[in-house]
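For reference, the chains in residue letters:
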Amino acid sequence: MGFCAYSERYIKSTDAVDVEHFDARLKSTENDNYWNWYTVVHWINQHKPRKIEPFEPILKPYSADLNQRIKYENGQFIAVAPNDKEAENLIKYLGWNRPELYEDRRKHIERIRFVQQVYKNNQD
């Protein structure tokens, strides 16, 4: 089915999903375009703050340099540059380091490692 744009969780057929505006202030304006709409797991959307203003300035999820400004390290998302407030604010706004998401990622990585080990053992 695809992946949640915010949490990167695989969307199962039994998951509730929302089409979400990243910046709700752009709804029904000339700037409300494809880059502002995302398919997200409902739970993630419900736990995201309703107002974006306290998180400004914020890195946009469609920014071309997102992968150079945010990295995944030791189970957490962090800004590459220590003072990159925009990157830090995006991480906080989307709740990428929430305990529930951290645990989901940990379990997912554990399952992948298990499958890799089973595959490796079957190849030997």
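Residues numbered from 1 in each chain as written. Predicted model: local features only at pLDDT ≥ 70, side-chain atom pairs only at ≥ 80, totals over all residues. Heavy atoms only, no water.

Asks: Just checking my understanding: could you explain the overall build of the protein chain for this structure?
Replies: Within the protein chain, the secondary structure is distributed over four helices and four strands. Beginning at the N terminus, the succession of helices and strands in the protein chain can be written as β-β-α-α-β-β-α-α. Taking the principal axes of its C-alpha atoms as reference, the protein chain extends roughly 60 × 35 × 25 Å. Across the 124 residues that make up the protein chain, the buried fraction comes to 31%. (Helix = DSSP H or I, 4+ residues; strand = E, 2+ residues; numbered from the N terminus. Buried < 20%, exposed > 50% of the residue type's maximum accessible area, 1.4 Å probe, protein only.)

Asks: So what exactly am I meant to see when it comes to the layout of surface pockets here?
Replies: To find leftover empty space, a probe the size of one water molecule is rolled over the atoms. Computed from the structure, the largest pocket encloses a volume of approximately 580 Å³. Around the largest pocket sit 23 residues that line it, and S7, E8, R9, Y10 and R105 are the ones nearest its centre. Listing elements by their share of the lining of the largest pocket, those giving two or more residues are α2 (66-69), β3 (70-73) and α4 (99-123). Here the residues of the lining of the largest pocket are counted per class, giving 13 nonpolar, three polar and seven charged. For the lining of the largest pocket, the two domains that each supply at least three residues are domain 1 (1-48) and domain 2 (50-123). Roughly 210 Å³ of internal volume is contained in the second largest pocket. (1 Å grid on protein atoms, 1.4 Å probe; cavity = no way out; pocket = protein on both sides within 12 Å on 5 of 7 lines; lining within 4 Å. Points joined across faces, edges and corners; volume = space filled by probe spheres on them. Nonpolar A, V, L, I, M, F, W, Y, C, P; charged D, E, K, R; others polar. Domains from an automatic or database assignment.)

Asks: I keep staring at the pattern of salt bridges and nothing clicks. Help me out?
Replies: Proximity of charged atoms lets side chains of opposite charge pair with each other. One pass over the structure, following the stated rule, counts 12 salt bridges. Residues D65 and R69 are paired through a salt bridge, measuring 3.5 Å at the closest nitrogen-oxygen approach. Each member of the salt-bridge network shares a partner with another, and the members are D65, R69, D84 and E86. (Salt bridge = Lys/Arg side-chain N within 4 Å of Asp/Glu carboxyl O.)

Asks: Would you mind showing me how to read the confidence of the model for the protein chain here?
Replies: In regions of low pLDDT, the predicted coordinates are not meant to be interpreted in detail. Mean pLDDT over the protein chain works out to 92, with 99% of the residues at or above the 70 mark. Mean pLDDT values over the elements of the protein chain span from 90, in α4, up to 97, in helix α3 (residues 85-94). (pLDDT = per-residue confidence, 0-100.)

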